[in-house]
Amino acid sequence: MSEIYLMRYAVKGIKSLENWVELSFYKKTINKDFSIKNYNIKAIYGMNGSGKSGIITSARILKSILLEPDYLANPLTQVMLSNLICKKTNRLDFNIEFFVNNSANIQHSKMYCYQVSLGLDKLGKFTILEEELSSKATTAHSPDPKKVFHVTDGEITYLSEESSFSTTVVEKTKNLLSKASLTAIFFRQITRNKHDKESFSSLILPLIYLSLFAMQFYVYLDSKDDRLFDAFTTMFPDVSFQDNDENYLEQLEILENHIARTQNYQKLIELSPNANIVSTDKFDAFEREIHNLESFLRIFQQSLQKIEIEKKIEKDIYLCRLIMKYEGYSIDAEYESTGIKKLMALFPFFQKMADNSIVFIDELDSNLHDVYLCALLEYFMEYGRGQLCFTTHNIGPMDVLKRSKKSIDFLSNDGKVYSWTTSGNYSPSKLYRNGMIEGSPFNVDSVDFLSIFQTDTE
C-alpha cells in the first residue's frame, strides 16, 4: 500500500512574505525504514503580523490550483489574489516536495518536487507563469531529479517522453495552461481508455500522484472565508492496463487504494453550528458524522446526551440544524460556546489527520483550553497516521511538542524560520517567553502602554 507525505513546503509572495519561507517536515535522508513517527506534527509560532496565517492561506491557494481547472478564471479568485499576493512582487511562488512511500516495495517509492508560479499578465490578471514536476528515486545516492513536465507562459516546453499520449496532452492543453495547472486539466480534459501495453504513458503515474497529494491536503482557515474546497472525485476516469503488464498493474493497485480513500473527500462535511446543507443522498453519511461528532464532544462536555438533527427538505437537499441535548435543557448549536463550535468545525479535519491525510490549520489554539489542546496533540503525536501543521500563539503545548522532531518552528517578523532543536533540558516555552529564541525577541513592556491609556489628569 502506498502513502503520500509532505516533506517540504516553501512559499514566497503571500501577504507580507516577500522572500522564501520553508518548512521542513522530515529529516534529510529517507531509508527503507521510513516512518513519520515523531515527525507528524508541526506548530508554527510567531508574533502578530509575522506571516503565519499567510502560510496557511497559501496552502489553500495551492490546493485550488492543483484541483480546480476554473480557479483562476473566477473573477472572485482574481480579487482575492490581488489582495493576498505580496504587493512588492506581484508574484506568488510555491516549491514543495512530497514522498510516495510504497512500503511493499521501496524501489517504487519516489520523491516528487512540484513548482508553480503565479504572476500578472499584460491584462493585469493573475496567471500561471511557470509549472514543473520532477521526480527522483530515494534509493540512489544523491540522485538527480528527472523532469516529468515543464510549462512556461502557458506552453509545454518539456515532457518526459514522446508518444501518442504526450501528443494528446499537448493538444488537449493548448491555450489553457496559463489559466489552469496541467494537473487540474489532466483529468478534466484527457480520458484514458483501454490501450495496449506499448501505448502506456509514464506521464500518468506522476500526474495521478500529484492529484492525490492535493486531494489528501486539507486546509482550515480560522476566518469567515470558505474553509473547504470542492472535491473533484469525478476527475478520475477508468484507467486500464493490459493483464500482462505486471509493473503497471502493481502500480494501479496502489493507486486504486488511494483513489478509493480519496473518493470519500466529500465526507469532510463542514459541520456548521448554523444551517447545514446536505444532499438527500448524502444524509446517511451526514448522520453518521454527527454521531461521531457527538462522541467526540462528549469527551469535553460529559453532560451532552445527544445531538439531534432537525431537517427541512428543499427539493433534493436537506437544511439541517443541530440541536444539542443536555440534561434538562436543549440548545441550538448556533448558540453554543465558541469553544464547542470551534471543536465542531475542527472535528472533520482531525478525522482526516488521523487517517493518512495532510492537514493545515490556522490558529488551532483559538477558543480551545490548554488542557484540551495538549491532550489532542498528544493523541495525534502517538496515534495520528497523517500530518498536522498549525499556527498558534499558545506556548502551553511547547513542552508536549518538543518530544517530536521538527515539531516547533518560529517565524520571525522578517520571514525567517528558526526550528527548535533539543538542547539539554532547556524548555522551548521558557526561552520563547523570555525572548531568547533567535528571531523572536519580545521587546514589549508594560510601561510601553502608559502613553496610550494614561489620561492627562492621571
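Predicted, not measured: the structure shown is a model, and the values here were computed from it.

Draft legend 1. Quick look at the pattern of salt bridges. Applying the stated criterion across every chain, the model contains 15 salt bridges. With a closest N to O distance of 2.5 Å, arginine 385 and aspartate 355 form a salt bridge. On the criterion of sequence distance, the pair formed by arginine 385 in the loop between helix 9 (370-383) and strand 15 (387-391) and aspartate 355 in the loop between helix 8 (338-354) and strand 14 (358-361) is long-range, its members being 30 residues apart. Residue classification places aspartate 355 among the partly exposed positions, given a relative accessible area of 31%. Among the salt bridges present, the one from aspartate 399 reaches lysine 402, with a minimum N-O distance of 4.0 Å. Overall, the relative accessible area of 31% leaves aspartate 399 in the partly exposed class. Given the relative accessible area of 30%, lysine 402 is considered partly exposed. The network of salt bridges with common partners includes Arg8, Glu22 and Glu97.

Draft legend 2. Summary view of the packing of aromatic side chains. Following the criterion strictly, the structure yields 27 aromatic pairs and no others. With a centroid separation of 6.0 Å and 40° between ring planes, the pair formed by tyrosine 112 and tyrosine 209 is classed as tilted. Of this pair, tyrosine 112 sits in strand 5 (residues 110-120) while tyrosine 209 sits in helix 5 (residues 204-215), and the two are 97 residues apart along the sequence. Judged by relative accessible area, tyrosine 112 falls into the buried class, the value being 4%. Within the aromatic cluster, the residues linked to one another by ring pairs are Tyr9, Phe25, Phe94, Phe98, Tyr112, Tyr209, Phe213, Phe217 and Phe360.

Draft legend 3. Up close: the confidence of the model for the protein chain. For the protein chain, mean pLDDT is 83; residues scoring 70 or higher make up 81% of the total. Throughout residues 256-267 the model reports pLDDT below 50, and contacts reaching past four residues in sequence, or to other chains, amount to 30 contacts.

Draft legend 4. Spotlight on the sheet that holds strand 16 (residues 408-411). Here 6 strands make up an open sheet; going across it, the order is 9-14-15-3-16-17 and the pairing mixed. If you trace the sheet from one side to the other, it starts and ends with strand 9 (217-220) and strand 17 (417-419), each paired once. Across this sheet, the average inter-strand angle for adjacent strands is 15°, counted without regard to direction. With 4 bridges joining them, strand 9 and strand 14 adopt parallel strand pairing. Counterpart to phenylalanine 217 in the pairing with strand 14 is isoleucine 358. Along the sheet, helix 1 (residues 52-67) makes contact with strand 3 (41-46), strand 9, strand 14, strand 15 and strand 16, crossing strand 9 at roughly 135°.

Draft legend 5. Up close: a nonpolar patch on the surface. Taken together, Val444, Phe449, Ile452 and Phe453 make up a surface patch of nonpolar side chains, about 470 Å² in accessible area. Counting through the fold element by element, phenylalanine 453 comes out in helix 12 (residues 450-453).

What counts and how
Residue positions are given per chain, counted from 1 along the sequence in the order it is written. Residue-level local features of this predicted model are given only where pLDDT is at least 70; pairs of side-chain atoms are given and counted only at 80 or more, and the full residue set underlies all totals for whole chains, interfaces and linings. For side-chain calculations, the full set of non-hydrogen atoms in the structure is used, while hydrogens and water are omitted. What makes a salt bridge here is a side-chain nitrogen of Lys or Arg within 4 Å of a carboxyl oxygen of Asp or Glu, nothing more. What counts as a helix is a DSSP run of H or I of at least four residues, what counts as a strand is a run of E of at least two, and both are numbered from the N terminus. To sort residues, take the accessible area from a 1.4 Å probe on protein chains only and compare it with the maximum for the residue type: under 20% means buried, over 50% means exposed, and anything in between is partly exposed. The criterion for an aromatic pair is that two Phe, Tyr or Trp rings (for Trp, the six-membered ring) have centres within 6.5 Å, with stacked assigned to planes under 30 degrees apart, edge-to-face to planes over 60 apart and tilted to the rest. Confidence scores labelled pLDDT are given residue by residue by the predictor and lie between 0 and 100. Any two residues whose heavy atoms approach within 4.5 Å are treated as being in contact. Strands are labelled as partners when DSSP assigns at least two bridges between them. Under this scheme, a helix contributes an axis fitted over its contacting stretch, all axes are lines through C-alpha atoms, and angles between N-to-C directions fall in the 0 to 180 degree range. Patch criteria: residues need more than 30% relative accessible area and no salt bridge. Like-charged residues are merged within 9 Å; nonpolar side chains of Val, Leu, Ile, Met, Phe, Trp and Tyr are merged within 5 Å. All accessibility values rest on the Shrake-Rupley procedure with a 1.4 Å probe; residue burial counts only the protein chains present in the view.

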